[in-house]
Amino acid sequence: MRTIGIVKRVFKEMLRDKRTLVLMFIGPLFILSLVFFLFQNTSQTKTTLVVRQVDSELVTALKNDHLRVKSIHDQRAATTIIRQHDYAGLLTQKGDQLKLVLANSDQSKSTVIKQSIQQAQVKLKTQAAAATLKSEAATIKKLAAALAALTKSTTFAGHSGKATVASAKNYQLKTKYLYGSQDSTYFDTLLPILMGFIVFFFVFLISGIALLRERTAGTLYRLLATPIKRSEIIAGYLLGYGAFAIVQTLMVVIFTIYVFNIQIIGNIGLVILINLLMAAVALAIGLFISTFANSEFQMMQFIPIVAIPQIFFSGIIALDTMPNWLQVIAHLMPLYYGANSMTAVIEKGATFSTIAPNLGVLAVMTIIFLILNNQTLKRYRQV
Amino acid sequence: MAIISITNLKQGYGKTTVLNDINLQVAAGEILALIGPSGAGKTTLVSTIMGMLKPKEGEVIVLGQHMPRRESLAQIGYMAQSDALYDELTAQENLVFFCEMQGVNKKVQSQRIAHAAAVVNLTMDLNKRVKNYSGGMKRRLSLAIALISDPPLLILDEPTVGIDPELRQQIWHELHQMAAAGKTILLTTHVMEDAEEANQVLMIRGGEAIAQGTPAALLSQYQVTSIEQVFLQAGRDQDAHNRNR
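Just so it is clear, the structure is predicted and the values come from calculations on it, not from any experiment.

1. Here's the deal with the packing of aromatic side chains
Piece 1. What the rule picks out here adds up to 18 aromatic pairs over all chains.
Piece 2. Their ring planes at 85° and their centres at 5.3 Å tell us that A:Phe187 and A:Phe260 sit as a pair that is edge-to-face. Remark: A:Phe260 occurs in the loop between helix H9 (230-258) and helix H10 (268-290) and A:Phe187 occurs in helix H7 (residues 186-216); sequence separation between them is 73 residues.
Piece 3. What makes A:Phe260 buried here is its relative accessible area of 7%.
Piece 4. Where B:Tyr86 meets B:Phe97, the ring centres are 5.3 Å apart and the plane angle is 90°; that geometry is what we call edge-to-face. Here the residue B:Tyr86 occupies a position in the loop between strand E6 (76-79) and helix H2 (91-102), and B:Phe97 occupies one in helix H2, the gap between them amounting to eleven residues. Judged on exposure class, the residue B:Tyr86 and its partner B:Phe97 are both buried.
Piece 5. The structure contains a cluster of three or more aromatic residues connected by ring pairs, namely A:Phe36, A:Phe37, A:Phe187, A:Phe255 and A:Phe260.

Listed below in structure tokens is the structure:
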């Protein structure tokens with residue numbers, strides 16, 4: 001009964017705090033929209049390589065969809081030229097020696113340049129090989145003709161003719177996508193992670209600050225001077241702020257489906273369930289962290305420690321590329337489980353049984369922090 | 001039967017001792033004034049009586065139950081020293097909320113709220129948000145919240161701070177009426193006039209009880225004419241005693 005009283009109070013306070021409401025409901029949509037447009041067409045890096053006294057065959061071979069090539073005759077030092085014009089790289093040739101100087105301020109551009117040079121070299125070698133093959137084939141043909149004239153046997157000549165045709169075969173590539181489609185952008189990868197993070201971040205911040213305010217205003221102490229159980233206060237917070245987290249999640253889900261036209265392959269009910277668990281764990285952690293802060297200002301300082309690192313362990317960086325000890329840390333991050341489940345449901349259509357272990361971990365984390373919260377409230381009332 | 005019974009109480013945080021050897025008996029219908037300078041340990045004593053803190057030594061029995069005991073809080077009306085109110089809610093909503101927390105029966109809720117608001121003269125302002133209240137109004141609302149459950153024991157931490165003399169008199173009139181109806185009231189105060197209204201006075205200084213008794217008995221014991229002089233004299237005696245030790 002008292003829990004319901006707390007829930008009602010949380011509702012009244014939240015509904016009157018228009019700015020927080022806007023922040024909580026419009027904020028995520030704004031962030032998602034920005035990210036959506038940001039990742040529409042930038043799936044491919046494009047850059048320019050400057051060449052000086054490089055063989056024209058190589059220059060032609062270098063050109064591809066990602067790389068423009070520009071020739072210059074400037075004789076100053078490569079580093080000076082790059083600094084002055086902000087080029088991504090400069091390639092010079094002296095005899096057989098190629099020298100590449102990269103600006104390397106954007107590693108993805110450096111990668112494109114290095115790959116293009118490798119590809120160009122492979123291309124040139126293949127062309128050379130093909131030319132040799134052609135001349136050899138011609139020689140063989142001539143020999144074969146001579147041989148045929150001599151022995152009247154056509155088998156050998158027929159063979160060599162076939163071999164020439166085979167080397168000129170043109171492969172046709174058709175791509176099928178298991179998940180997503182050819183229109184998939186990086187946004188599709190980011191969306192599930194962002195969804196989980198947004199719910200986590202806002203619930204963490206708002207519930208943490210709400211309890212903090214209640215502590216600094218003395219109302220928490222006053223509340224504990226009534227026969228309320230500590231667990232009833234925590235349950236009231238969980239349900240009250242949890243309800244707002246549900247509304248926030250629904251808005252984000254509906255927005256992504258109807259405005260961005262993102263297809264959610266799995267069950268939407270599961271998406272909401274995951275977000276709900278994310279909200280619960282964020283709430284529990286928010287309330288817990290708020291006991292270590294004495295002001296809103298200090299609460300803010302926990303954001304870079306508690307919230308930001310989670311993004312990096314949420315699947316944006318592939319886990320198996322991390323060193324072992326970092327993988328252990330990843331398994332301590334709620335967002336790792338939340339984002340993984342969300343990605344599985346949204347992109348791969350995972351079912352409940354697939355994500356159940358992840359959800360179980362989130363539930364256990366929530367329970368641990370709720371128990372800790374129940375203990376920290378003893379500071380104010382020892383029974 | 002004593003409503004509050006404290007024997008040999010020692011209380012503190014960590015290694016610091018805040019209260020030492022406190023003994024106190026308060027009977028039903030009595031008004032006890034707890035006076036002492038700030039930092040003397042008044043609020044710690046109040047917290048211990050309410051069971052927010054476990055006694056380090058000694059025992060605290062309130063309404064026949066050993067404290068701390070969460071359920072006993074339903075029978076204690078508490079007014080905190082700082083105005084612990086929800087600013088975004090109206091006074092009415094604050095009162096309803098604390099009715100629910102205190103476990104007030106729904107049927108009598110509106111009647112209790114009306115009565116409590118009338119005692120502190122807030123009937124006309126119940127629908128205003130608390131953030132628009134003046135300091136005095138907040139103090140009165142805090143008192144009203146202490147009254148809503150019609151409890152047998154009222155614990156008021158500095159109830160008269162920021163309240164004008166006319167209202168102060170009105171509140172005292174109400175407190176005397178409640179005491180006459182058998183309710184027990186414990187209040188802390190700096191104001192010596194408040195102490196004079198009480199049936200019993202407990203003076204605390206440096207965590208120790210330096211004088212205790214009815215106002216009249218204290219005046220005759222110290223051969224002075226005001227409670228203030230009693231307090232000053234008792235304080236000097238305490239210092240002299242400590243020097244000789």
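2. Concerning the domain arrangement of chain A
Piece 1. With domains assigned, chain A is organised as domain 1 (47-177) and domain 2 (185-380).
Piece 2. A separation of 52 Å is found between the C-alpha centroids of domain 1 of chain A and domain 2 of chain A.

3. As for the side chain of A:Thr256
Piece 1. Within the fold, A:Thr256 resides in helix H9.
Piece 2. Each residue touching A:Thr256, except ones within four places of it in the same chain, is listed here: A:Leu32, A:Leu191, A:Met195, A:Asn261 and A:Ile262.

4. Brief notes about the packing of H2(B) against helix H4 (residues 135-147) of chain B
Residue and element names in this part refer to chain B.
Piece 1. Across the interface, H2 lies against H4 with an axial gap of 9 Å and an inter-helix angle of 30°. Put simply, H2 runs roughly parallel to H4. Our pair here, H2 against H4, has a crossing hand that is right-handed. Residues Ala 91, Asn 94, Leu 95 and Phe 98 of H2 form the contact with H4, whose own contacting residues are Leu 141, Ala 144 and Ile 145.

5. Topic: the interface of chain A and chain B
Piece 1. With 25 residues of chain A in contact, the opposing surface of chain B contributes 32 residues.
Piece 2. Taken together, the two surfaces of chain A and chain B that pack against each other cover about 2,700 Å², and 60% of this comes from carbon and sulfur.
Piece 3. A salt bridge links B:Glu100 to A:Lys8; its shortest N-O distance comes to 2.8 Å.
Piece 4. Our count for the contact surface shared by chain A and chain B stands at eleven residue pairs in polar contact (both at pLDDT 80 or more).
Piece 5. Of all the secondary structure elements, the ones that give two or more residues to the side of chain A that touches chain B are helix H1 (2-16) and helix H8 (219-224) of chain A.
Piece 6. Among the elements that line the side of chain A that touches chain B, the one with the most residues is H1(A), at eight residues.
Piece 7. Here the side of chain A that touches chain B is built from residues that sort into ten nonpolar, five polar and ten charged.

6. Points about the sheet that holds strand E1 (residues 2-13) of chain B
Residue and element names in this part refer to chain B.
Piece 1. Pairing within the open sheet is antiparallel, and its four strands lie in the order E2-E1-E4-E5. With one partner strand each, in any of the chains shown, strand E2 (16-27) and strand E5 (65-66) form the two edges of the open sheet.
Piece 2. Looking at chain direction, E1 and E2 are connected through eight bridges and run antiparallel. In the sheet register, Gly 12 faces E2, and the bridge partner there is Thr 17.
Piece 3. Packed onto the sheet, helix H1 (residues 42-50) meets E1, E2 and strand E4 (57-62) and runs at close to 120° relative to E1.

7. Describing helix H3 (residues 106-119) of chain B
Residues and elements named next belong to chain B.
Piece 1. The terminal C-alpha atoms of H3, which comprises 14 residues, lie 20 Å apart, in line with the 20 Å expected from a rise of 1.5 Å per residue.
Piece 2. Within the sequence span of H3, burial applies to Gln 109, Ile 113, Ala 116, Ala 117 and Val 119.
Piece 3. The inward-facing, buried residues of H3 contact H2, H4 and helix H5 (165-180).
Piece 4. Taking the backbone nitrogen of Lys 107 as reference, a side-chain oxygen 3.1 Å away marks Asn 105 as the first, capping residue of H3.
Piece 5. Where H3 terminates, the next one or two residues include Asn 121, which has phi positive at roughly 65°.

Reading the values: the criteria
- Residues numbered from 1 in each chain as written.
- Chains lettered and ligands numbered in written order.
- Predicted model: local features only at pLDDT ≥ 70, side-chain atom pairs only at ≥ 80, totals over all residues.
- Heavy atoms only, no water.
- Phe/Tyr/Trp six-rings, centres within 6.5 Å; stacked < 30°, edge-to-face > 60°.
- Helix = DSSP H or I, 4+ residues; strand = E, 2+ residues; numbered from the N terminus.
- Buried < 20%, exposed > 50% of the residue type's maximum accessible area, 1.4 Å probe, protein only.
- Domains from an automatic or database assignment.
- Contact = heavy atoms within 4.5 Å.
- Axes fitted to C-alpha atoms, helices over the stretch in contact; angles between N-to-C directions.
- Parallel < 35°, antiparallel > 145°, perpendicular 65-115°, else oblique.
- Left-handed = near helix turned anticlockwise from the far one by under 90°.
- Buried area = accessible area lost by both parts, 1.4 Å probe.
- Salt bridge = Lys/Arg side-chain N within 4 Å of Asp/Glu carboxyl O.
- Polar contact = N/O pair within 3.5 Å; in protein donor to acceptor, adjacent residues only side chain to side chain.
- Nonpolar A, V, L, I, M, F, W, Y, C, P; charged D, E, K, R; others polar.
- Pairing = 2+ DSSP bridges.
- Expected span 1.5 Å × (residues − 1).

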